[in-house]
Amino acid sequence: MLAYAFRRTLQSFPTVAAVALVVFVLFSVIPGSIATSMSDDGRGAMDAEVVQRMRKELGLDDPVYVRFAKYVGNLAVLDLGTSFRSREPVSQLLAKRMWPTMQLVLAAMGFAIVIGVPLGFVAAMRPGGVIDAVSMVTAVSGLSIAKFWFGLLLMYLFALKLGWFPTFGYGGWWYLVLPAVTLGVSPLALLARTTRAAALEVTNADFVRTARSKGMSEARVVRWHVVRNVAVIVLTTLGLQFGSLMGQAVVVEKLFSWPGIGSLLVDSVFQRDIPAVQGCILLIVLFFLVVNTLVDIACAVIDPRIKYT
Amino acid sequence: MKLGANILIGGALFLVAVLAGVFAPWIAHTDPVMDANLMVAEEPPSREFWFGTDAQGRDIYSRVLYGARISLTVGIFAQLVNTLIGTALGLSAGYWGGWWDDFVTGLTNLLLAIPSLIFALAIMAILGPGLTSLLIALGLTNWSFTCRLARASALSLKSQGYVQASKVLGYGDLRIMLTQLLPNMLGPLIVIGTLGMGGTILAEAALSFLGLGIRPPYPSWGSMLSEARDQITTAPWLSVFPGLAIFLTVLGLNLLGDGLRDILDPQSRSRRL
């Protein structure tokens, strides 16, 4: 088991390396050098001599492969460079922003699981019934709605009209409610649909019929056969969905002025703060990979048929 | 029949959006950019201004109509590019196998590892805002599912008798791929493409909302909502209509995709998500 977890973790290393390469290449082809864009803050043209010195300091005169080697070497010791704007190490900036994003994403996931999974189960119990219809309409609507629009509507109703929650900002848990619900709505919709489909498929499977026919109690059938099989499918969906959740988190953080990785990414893009942009993207991808690795390991624990290879 | 309802409602919603975009110059009341009139700024919806006016006194109804042009152009063309790239790579990888297959699979896995909205955001950051950048950013980042589907179909189809027969008859690889394999995977590809179009429209809206897509004053549903956020206390109606337009268009595409799946890809109904 541990060996499998170890191997599965190792498997994600090449992906991390490839993503680092992509991120590096993307931002090396930007027209105009970093040195000129750093100076491009509206305070007029910069001294040519200063630009020269900056180019040298940032190593921009080195050939691309030298720069990439340096970049990778620095990554290995978690040195992501220094932010152009705040002059802080990017790793420190990211460390400060990581916890709010994790709070938001975990809360959204929790909300989606707590509502979406039971909704899918209930819908699957009576396919074609009223609850089924309602939950499927909710599901397709949840996938079609623009998250920031849903957030705006929630903000208007629950913050401005009813005053139950703060409009935006960061603080206690009550600040978390509206952003988490906004972010959770599409995984909720997807989970409801997936759970329903999986539960329908599993309850009609041969092994469930066999279990019933040999006189296993209904509670045991559900616990041993249905829930476990559905859990694997639901977990896998959650893992795959996690990437788009991280993408949506950027928009939701911006909407609610939530001080996470996403809002740092957008602000850095506007300030052309390239080390910070690269750092944010790498961290988001890393987060996504870690979650998927954990999901795979969890699936192997739940489902003994998955081979530890 | 229940299956038909999906297609009818979805198709109707999408058709309304297309017609709104195509006929915008004729059915809009004012020019969406030029006709600012501070005398009628922030008017709530009325008989004269159906959807109200914004802070510059521009008619929201007209802007929503013109916004359809941006959303649909990006949605249709970017998705078309995705479908073409995904199909070409997946089909050839599945059919040829070997090192090309390994390469394409690696590329797909890499793309899957970077959340597509984040990738698009990075490309927008490099190219700068605008319609062309949007088409590039969204057209190059969302083909992984199409590619996997095309590859899997090609793998299972290439051992079929008729494909083997056309090989024996001396058909070239390209001819086999285009005349024997492609027609047999078209159904699922159309379904994925339709559903993907909805996703692309949502992504465009999100990028424009962040200020990286279509920039004000040009009306994109996403950028209109970004302006609306700042005025949500004084003019809440600004937040309603562009979002509703996105919702109904994407809902239409999702319903249409589901309905098409039931017809074109019936085997998947049981494993449908």
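Residues numbered from 1 in each chain as written. Chains lettered and ligands numbered in written order. Predicted model: local features only at pLDDT ≥ 70, side-chain atom pairs only at ≥ 80, totals over all residues.

## Considering the overall build of chain B
Then comes step 1: The secondary structure content of chain B amounts to eleven helices and zero strands.
Then comes step 2: Listing each helix as α and each strand as β along chain B from the N terminus yields α-α-α-α-α-α-α-α-α-α-α.
Then comes step 3: Counting only residues that meet the buried cut, chain B has 49% of its 273 residues in that class.
Then comes step 4: A separation of at least 24 residues holds for 70% of the contacts in chain B among residues at least 6 apart in sequence. (Helix = DSSP H or I, 4+ residues; strand = E, 2+ residues; numbered from the N terminus. Buried ≥ 20, exposed ≤ 12 C-beta atoms within 10 Å, placed from the backbone. Contact = placed C-beta atoms within 7 Å.)

## Structural notes on the overall build of chain A
Then comes step 1: Along chain A, the regular secondary structure elements total 13 helices and zero strands.
Then comes step 2: Listing each helix as α and each strand as β along chain A from the N terminus yields α-α-α-α-α-α-α-α-α-α-α-α-α.
Then comes step 3: Sequence separation of 24 or more characterises 72% of the internal contacts of chain A that already satisfy a separation of 6 or more.

## Concerning the nonpolar core
Then comes step 1: Counting residues in each nonpolar core, the largest one holds 146 residues, and the members touching the most others are A:F148, A:C280, A:I284, B:L121 and B:A206.
Then comes step 2: Contacts of A:F148, omitting those with residues within four sequence positions, involve A:V251, A:V252, A:L255, B:A206, B:F209 and B:L225. (Core = buried A, V, L, I, M, F, W, Y, C linked by C-beta atoms within 7 Å.)

## Examining unusual backbone geometry
Then comes step 1: Of note, the phi angle at A:S257 is positive, near 50 degrees, even though the residue is not glycine.
Then comes step 2: By the secondary structure assignment, A:S257 is in the loop between helix 11 (218-255) and helix 12 (261-270).

## Regarding the domain arrangement of chain A
All names here are of chain A.
Then comes step 1: The assigned domain composition of chain A is domain 1 (2-76) and domain 2 (93-302).
Then comes step 2: Counting residues at the interface gives 13 residues for domain 1, matched by twelve residues for domain 2.
Then comes step 3: When contributions to the side of domain 1 that touches domain 2 are tallied by element, the ones reaching two or more residues are helix 1 (2-11), helix 2 (13-28) and helix 3 (34-39).
Then comes step 4: For the side of domain 1 that touches domain 2, the element with the most residues is helix 2, which contributes six residues.
Then comes step 5: For the side of domain 1 that touches domain 2, the per-class residue count stands at eight nonpolar, four polar and one charged. (Domains from an automatic or database assignment. Nonpolar A, V, L, I, M, F, W, Y, C, P; charged D, E, K, R; others polar.)

## Some remarks on the packing of helix 8 (residues 147-161) of chain A against helix 11 (residues 237-264) of chain B
Then comes step 1: Viewed as axis vectors pointing N to C, helix 8 of chain A and helix 11 of chain B meet at an angle of 145 degrees, and their least axial separation amounts to 10 Å. Relative to helix 11 of chain B, helix 8 of chain A is oriented so that their crossing is left-handed. Facing helix 8 of chain A, whose interface residues are A:W149, A:L152 and A:Y156, helix 11 of chain B presents B:S239, B:G243, B:I246 and B:F247.
Then comes step 2: Class assignment for the residues of the contact of helix 8 of chain A with helix 11 of chain B results in five nonpolar, two polar and no charged. (Axes fitted to C-alpha atoms, helices over the stretch in contact; angles between N-to-C directions. Left-handed = near helix turned anticlockwise from the far one by under 90°.)

## What about the interface of chain B and chain A?
Then comes step 1: On the chain A side, the residues contacting the 36 residues of chain B number 39 residues.
Then comes step 2: Those elements that place two or more of their residues in the side of chain B that touches chain A are helix 4 (98-113), helix 5 (116-127), helix 9 (173-209), helix 10 (221-230) and helix 11 of chain B.
Then comes step 3: Ranked by residue count, the leading element in the side of chain B that touches chain A is helix 11 of chain B, at eight residues.

## Points about helix 10 (residues 206-213) of chain A
Then comes step 1: Counted residue by residue, helix 10 of chain A has zero buried out of eight residues, so it is predominantly exposed.
Then comes step 2: Backbone geometry just after helix 10 of chain A places A:G215 at a positive phi near 90 degrees.

## Points about the confidence of the model for chain B
All names here are of chain B.
Then comes step 1: Counting all residues, the mean pLDDT for chain B is 82, and 90% of those residues have values of 70 or more.
Then comes step 2: The spread of mean pLDDT over the elements of chain B runs between helix 2 (residues 24-27), the lowest at 76, and helix 3 (residues 60-96), the highest at 89.
Then comes step 3: With a pTM of 0.85, the predicted complex shows an ipTM of 0.81. (pLDDT = per-residue confidence, 0-100.)

## Some points on the environment of A:D303
Then comes step 1: Along the chain, A:D303 falls in the segment after helix 13 (274-302).
Then comes step 2: Once residues lying within four places of it in the same chain are set aside, the contact partners of A:D303 are A:R228 and A:V232.

## Some thoughts on the packing of helix 2 of chain A against helix 13 of chain A
Residues and elements named next belong to chain A.
Then comes step 1: The geometry of helix 2 relative to helix 13 is characterised by a closest axis approach of 10 Å and an angle of 155 degrees between their N-to-C directions. It follows that helix 2 is roughly antiparallel to helix 13 by the angle criterion. The two elements helix 2 and helix 13 meet at a crossing, and its hand is right-handed. Across the interface between the two elements, T15, V16, V19, A20, V23 and F27 of helix 2 pack against I274, Q278, I281, L282, V285, L286 and L289 of helix 13.
Then comes step 2: Residue composition of the contact of helix 2 with helix 13, by class: eleven nonpolar, two polar and no charged. (Parallel < 35°, antiparallel > 145°, perpendicular 65-115°, else oblique.)

## Digging into helix 12 of chain A
Then comes step 1: Where burial is concerned, most of helix 12 of chain A is hidden: eight out of the ten residues are buried.
Then comes step 2: Buried residues of helix 12 of chain A: A:I261, A:G262, A:S263, A:L264, A:L265, A:V266, A:S268 and A:V269, and no others.
Then comes step 3: Where helix 12 of chain A is buried, its residues touch helix 6 (90-125), helix 11 and helix 13 of chain A together with helix 5 of chain B.
Then comes step 4: Phi turns positive, to about 50 degrees, at A:R272, one or two residues after helix 12 of chain A.

## Re the environment of B:P188
Then comes step 1: Here B:P188 shows up in helix 9.
Then comes step 2: Counting along the chain gives 14 residues from B:P188 to B:L174, while the straight-line C-alpha distance between them is 21 Å.

## Focus: the confidence of the model for chain A
Then comes step 1: Scored by pLDDT, chain A has a mean of 79; 89% of the residues are at 70 or more.
Then comes step 2: When the criterion is pLDDT under 50, residues 39-43 of chain A qualifies, and its contacts beyond four places in sequence or with other chains add up to two contacts.

## As for the environment of A:A123
All names here are of chain A.
Then comes step 1: Looking at the element boundaries, A123 is found in helix 6.
Then comes step 2: Given 27 C-beta atoms within a 10 Å radius, A123 is considered buried.
Then comes step 3: Considered as a pair, A123 and D206 are 83 residues apart in the sequence and their alpha carbons are 21 Å apart.
Then comes step 4: Setting aside chain neighbours within four positions, we find A123 in contact with I131, D132, S135, M136, A192 and R196.

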